[in-house]
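These are the residues of each chain, in order.
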Amino acid sequence: MKITEEMVDYVSILARLKLPQEEKTRMTGELEQILAYMDVLDGLDTSGVEPMSHVFPLKNVLRSDEVVPSGDRAELLANAPVPDEAAFLVPKTVE
Amino acid sequence: MELWEFTALELGGLIQRGEVSPTQAAQVALDRMAAEQDRNNAFVTRLDGETVLAQAAEVEKRLAAGEKLSPLAGVPMALKDNICTKGVRTTCASKILGDFTPPYDATAAEKLKTAGGVLLGKLNLDEFAMGSTSETSYYGPTRNPWDLDRAPGGSSGGAAAAVAAGECWYAIGSDTGGSIRQPASYCGVTGLKPTYGSVSRYGLIAYASSLDQLGPLARSADDCAAVLELMAGKDRRDGTSLDAGWGSLTASLTGDLRGLRVGLPSDCFGEGLDQEVRAAVLSAADVLKARGAAVEEFSFPMMKYVVPTYYIIAAAEASSNLSRFDGVKYGWRAADYEDLTDLYEKTRTQGFGAEVKRRILLGTFVLSAGYYDAYYKKALQVKALIKKAYDEAFEKYDLLLTPVAPTTAPRLGESLGDPLKMYLSDIYTVPLNLAGLPGLSMPCGFDGQGLPIGAQLIGPALGEAKVLNAAHAFQLDTDYHRQSPVGKEAQAK
Amino acid sequence: MTWETVIGLETHVELSTKTKIFCSCTTEFGGAPNTHCCPVCMGMPGTLPVVNEKVLEYAVKVGLALDGEITRSCRFDRKNYFYPDLPKAYQISQLYLPIVRNGRLTIRTESGGEKTIRIHELHMEEDAGKLVHDPWIDQTRCDYNRCGVPLIEIVTEPDFRSGEEVIAYLEKLRSTLQYLGVSDCKMQEGSLRCDVNLSVRPAGSAELGTRTEMKNLNSFKAIARSIEYEARRQIELIEEGRRVVQETRRWDENKDATFAMRSKENAQDYRYFPEPDIPPLEIGEDYLERLRKEQPELAEARMARYQADWGLPVYDTQMLTSQKALAEFFEATVALGTPPKQAANWIMGEVLRRLSADGLEAKDMALTPRTLARLIELVQEGKLNRNTAVRVFDAVFADDGDVDAYVKEHGLEQVSDAGLVGSVVDKVLAANPKSIQDFKAGKEKAFGFLVGQVMRELKGQASPQVVHQALRERLEQL
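Here is a short report on the structure shown in this document. (Residues numbered from 1 in each chain as written. Chains lettered and ligands numbered in written order. Predicted model: local features only at pLDDT ≥ 70, side-chain atom pairs only at ≥ 80, totals over all residues. Heavy atoms only, no water.)

1. Comments concerning the pairing of strand 10 (residues 439-446) of chain B
All names here are of chain B. When you tally the buried positions in strand 10, you get 7 out of 8 residues, the bulk of the element. Sheet topology note: the strand 10/strand 11 (residues 452-458) ladder contains 7 bridges and is antiparallel. Residue pairing for strand 11: G439 is matched across the bridge by I458. Between the antiparallel neighbours strand 10 and strand 11 lie 5 residues, among them G450 with a positive phi of about 80°. (Buried < 20%, exposed > 50% of the residue type's maximum accessible area, 1.4 Å probe, protein only. Helix = DSSP H or I, 4+ residues; strand = E, 2+ residues; numbered from the N terminus. Pairing = 2+ DSSP bridges.)

2. A look at the interface of chain C and chain A
The interface is formed by 53 residues belonging to chain C together with 35 residues belonging to chain A. Together chain C and chain A conceal approximately 3800 Å² of surface at their shared face, both sides included; 59% is due to carbon and sulfur atoms. When residues of chain C are sorted by the area they lose upon contact with chain A, S24, F82 and T140 of chain C head the list and together hold 13% of the total. On inspection of chain C and its partner chain A, the count reaches 26 residue pairs in polar contact (both at pLDDT 80 or more). Breaking the side of chain C that touches chain A down by element, the ones donating at least two residues are strand 2 (51-52), helix 1 (53-65), strand 9 (130-134), strand 10 (139-143) and strand 17 (281-282) of chain C. Here the element with the most residues in the side of chain C that touches chain A is strand 10 of chain C; it accounts for 4 residues. Residue classes in the side of chain C that touches chain A are distributed as 29 nonpolar, 12 polar and 12 charged. As paired elements, strand 1 (residues 62-63) of chain A and strand 2 of chain C share 2 bridges and run parallel to each other. Across the sheet, the residue bridging to L62 of chain A is V51 of chain C, located in strand 2 of chain C. (Contact = heavy atoms within 4.5 Å. Buried area = accessible area lost by both parts, 1.4 Å probe. Polar contact = N/O pair within 3.5 Å; in protein donor to acceptor, adjacent residues only side chain to side chain. Nonpolar A, V, L, I, M, F, W, Y, C, P; charged D, E, K, R; others polar.)

3. Quick word on the sheet that holds strand 6 (residues 90-93) of chain C
Pairing in this open sheet of 3 strands is antiparallel, and the strands run 6-5-16 (chain C) from one edge to the other. In the strand order of this sheet, the two ends are held by strand 6 and strand 16 (273-274) of chain C, each with one partner. Lying over the sheet, helix 9 (residues 303-321) of chain B contacts strand 5 (77-80), strand 6 and strand 16 of chain C, oriented at roughly 60° with respect to strand 5 of chain C. (Axes fitted to C-alpha atoms, helices over the stretch in contact; angles between N-to-C directions.)

4. Describing the packing of aromatic side chains
Evaluation of the coordinates by the stated rule reveals 33 aromatic pairs over all chains. Measuring from centroid to centroid gives 6.2 Å for Y104 of chain B and Y202 of chain B, while their planes differ by 55°, and the two rings are tilted. Of this pair, Y104 of chain B sits in the loop between strand 2 (76-80) and helix 4 (107-114) while Y202 of chain B sits in the loop between strand 5 (190-193) and strand 6 (214-218); the two residues are 98 residues apart in sequence, bridging distant segments of the chain. Considered together, Y104 of chain B and Y202 of chain B belong to a single accessibility category, that of buried residues. Ring centres 6.0 Å apart and planes at 55° place the aromatic pair W346 of chain C and F393 of chain C in the tilted group. On the criterion of sequence distance, the pair formed by W346 of chain C in helix 8 (residues 340-358) and F393 of chain C in helix 10 (residues 386-397) is long-range, its members being 47 residues apart. Under the relative-accessibility criterion, W346 of chain C is labelled buried at 1%. In this structure an aromatic cluster arises from ring pairing among F100, F128, F325, Y330 and F352 of chain B. (Phe/Tyr/Trp six-rings, centres within 6.5 Å; stacked < 30°, edge-to-face > 60°.)

Following this line, the structure appears as C-alpha cells:
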C-alpha cells in the first residue's frame, strides 16, 4: 500500500505529534516499507480464527468494593510540570 | 577470585554465613560502578553511596536480628529504568518523563526490597524499551562491556552490561519482544523472560501491555531461579498476574535431563542466521544430549509471520499506552505553546525520540478507521495461530532450543539507520511474547571476535522449572557463563 | 407537510458503588479537588486497572431489569482520545462485547397506552474528571475526583417520537434504577446524564434523516425544551431547502437554544481495541441465577400486587410505585395496620403535595410510616377530623414530629362527647329561634347555619357526625 504524507498527517493529528517536514518525509517512507513487510500476513488464511487478545486463560479477576484511603494530594501532584497545590493546570480549555 | 565474580547465590551464601557483610558487598558494587559507568553508561541513575550503604546496613541489622529474609538478602542489584521506584527518579530513558519520581514502588521492586535486596540504581534502556540496541536512550547509549564500540543489545542493555561488567550481581529487566534475552545474549549473561503474568506488571511502565513481562538477568540460571522466586506471584494490583504454582524453582535444579525431549525448530536455523551463532547453538544441543536429553529437529513454519504480528500488536498497544505522556500530569512540558493542542503536540513531538514516534504512528495507523481489520484484527488472529503452533510443538517436546539473535552484538550506530532490518533481528525472541511462553537466554560460546553468543531455551506456559533446569544442567558442564569481559577488553583491542 | 421527530437516547448513569471502577478510591460526591485520587485513577505510569465486582453486578442487574441479553463473555476496550479530563488519554469502555444487548423498557404514553422502547446495548465504562477554568490565572484546573467513577451507558434504538416519550422513558428508567438500588440518579450531581440524538423526516417515511447529537442536558426540563427547539430548527432548515449537518450541538439553558460545538480537529476516530490489562469477564449461569434471585420487585410487579391484594385502582398503583421509596413507604404504612386505600389516599394527596412543595424526593423525606399510620388511625377513631389531621400532617412532616404530642399540645382532639355537644346544641338553638322556624319551614340551609354555629362554639374540633346527629334529634323533638 502506498503511504502518503496526508495519511501520516492524519495519523499524526490522532497521536498529537507534529513532525517537521524532513522527519515527516523520512517517516512516510519508513512506514510504507514497514507496512509493506506486514503484508506477508495476507498470505496466511485466518478465516474463522477468533482474534486472541489475552494469551493466558485468566478470567473474572475482580476486586471487592471496599474503600482504601486515597493518595496524598501533594505527593500525587508533585510531578506536575506546572506546580499548583490543588490541581493540574492546562491552557484554557473550558469557559 | 574477586567478590564481584561470584554469582548472586554464592554471594548470598557468604552473607548468610557471615563471611561477607552486606555493606562490604555494597561497597564493592559502588566501586565497580564508579569504575565502569563512564565506560559503559549502564546506569541512568546511580543512587549515592550513602543511600546504598544505608540500605545494606538496614539488611545487616535485620539479618543480625535473626530475620529470615531470602537467600539473596544483602546482594546488591539494580532495576531497569522503566520500573517504578518510590522516591527514585524513573525515566524510561526518555526526555518526556523528565525527573518523574513515582510516589509508589513497582510490585516487583517492593518484593525484592522486602527480601533484602539492596538497590544500586536504575539501568539504561532504549527509550520506553523500544529498540534492540539501547542506543535510543535520551541519556546516551550503553556500551557492550565485551567491546565498548558495540551495542549491548536492547532494550535491557544497561541491565545486561551491568551484570556482565560485575557492577551488580543481578538486575531486573523487562521483555516485550526479547528485551531481556537478546541483551543477555550479546553481553554473555543469563536472562529469563518468565511466562506472561507470572510476575506482576504493576509499576512497570507499559510498552505493550499484553506482551510486557519482567524477569531477571544474572550470571547463572540458578541465580535467575532464585530472583524469579522472590518476584513472582499473583498481585491484587495486576489483574493479569497469576500464581504460577511452581513450588521451589531452585529446588528443581537437579541437572538431570534424562528423558527430556528437546525440539529444534528448523525454521530458526536457516537463512539469515550467522554461521558461528548456528554452530554454537547446535553444540549447546550436544551438551544437553550428553546429559540425557533427546534432541530432534522439527518444522515450525509460523516463524515467517512472527515479526509482523509482533510489531502490529506492540505498536498498537504502545500508541495507546504512551498517550498519557502529554506534559500535563508529570514529566517534561514544552515551552511556548499557544493552546492545549499545541501543548500536546510540542511536548510529544519534542519529548519522544524518533523510534518511539515511529512506533506510535505505526500503532495509531493500524488501529485507525479502515485499517483495524486488515492489520490489528488480523494480527490477533495470527497470534492465535502462533499460540496453537506452540501448543502442538509442546505436545511432542518438553523444551525448544533456538538461537536468541541472528548475530552477535552489532557495532554502535550500525542498526539505527534501517528500522525494518532492526525489527527483523528480533525474529527468534518475539514469538514467545506473542504466545506468553517462558524463554531463557544462556551464554553458549564466543564468535571469532570474542563476542558472546546466546542460546534460547523455550518452555511451555509455566514451564520455568524445566527451562531453568536445562540451563542449569548446561551450566554445570560449561563455563561460558563464568567468563567476564573485565580486563579482557584491552586484550581484544 | 407533517414532520415526524425521531429520537434516540444515550444515558450515562453513575453507579452507586462505594469505590471507583478500577481502583479503591471513594466515589463520594464533592471533596476538595484531587483528594479522591490515587496513582491508578490519575493515570500515572505503570499503574493498572482492576475491576470492581460490584460494577459488574450492578450492570448485570440493570440488564436483567431491562430484559436484555447478558453477554456471557464480555470484554473491556480502550477508547483513545486526548483531553485533559482523561488522564490516561484513553477511556476504558466497551465496544466489541458490551455486557448487555437487546433490552427493552415499556413506557406509558400520554394517550394512556403503552410503548416499548428497545435498548440497543448497555456497557460499563469509567467517568472522566472535571475541568474548571480559573479566570484569575487564566488556566484550566483538572480535578480527577470523578475520574474512574463507574458508569453504565444505556443506548436506545431511535424509538422515540416526542419529548414526552423521552421524559416518560427517563422517569421509568430512573425509577427502575432506584428500585434496583444501583444509582441515586441525581441529575444535578451528574449521576444521570443524557445525550439526545434527533432527526426529522416527513411523516410516514421509513428513512431516517440526518441526525444531530445534543449534549449538556442537565434536567428533564432542558431535555424537553431542547428536543422541541432542535426539531423545529431542523424542520425550518429543510423547509428552507437547506441541509441538516450531522454534528454535536450544545444546549444553552440561558439562551434556550442549541449551538454547534466547535468540531474537534480530528474526526472521531477513537481507535478502539481490546483492553489488554483486564482479562475477560465470563458470566456463568450460577452467577446469573444468584442475581436473578436477588432482583428486587420492580414497579410493574408491585402495581399488580397492589391491585390483586388490596383492590387499589390502577391509577393509585401507578402513583404509589413511581418512586421506590414511596412504594416502600406505602407498604410499611399498610403493614402497620392502616387500611390500604386510606394509606394510598394520604400518600397520593398529602405526601406527594408536600414532597413537590418542598422539592424533595420520597427517599429523602423525614416522615416515617409510623407517624402517618398514627395520624390516619386518629382520624379513623374519630379523634381528629380530616381538616385538623391535614394541619397536623403539615406540622409533623418536615421532621417526623410526634402526632399525639402535637394534638395534645394544641388541644386539637376532636370532641365526640355527645353530652357536651348536646349542651352546646341547646345553647345555639336557644339563641337562634329564627333559624328553627326557617328549618321547620323546609329551608335546609338553616340546618347548615346551625351546624356552623355549633362547630364555632366547639372551635372546629367536634366530630361533624356527632353534631349532625345531635342537632337533627333536637330539632325533631321541637
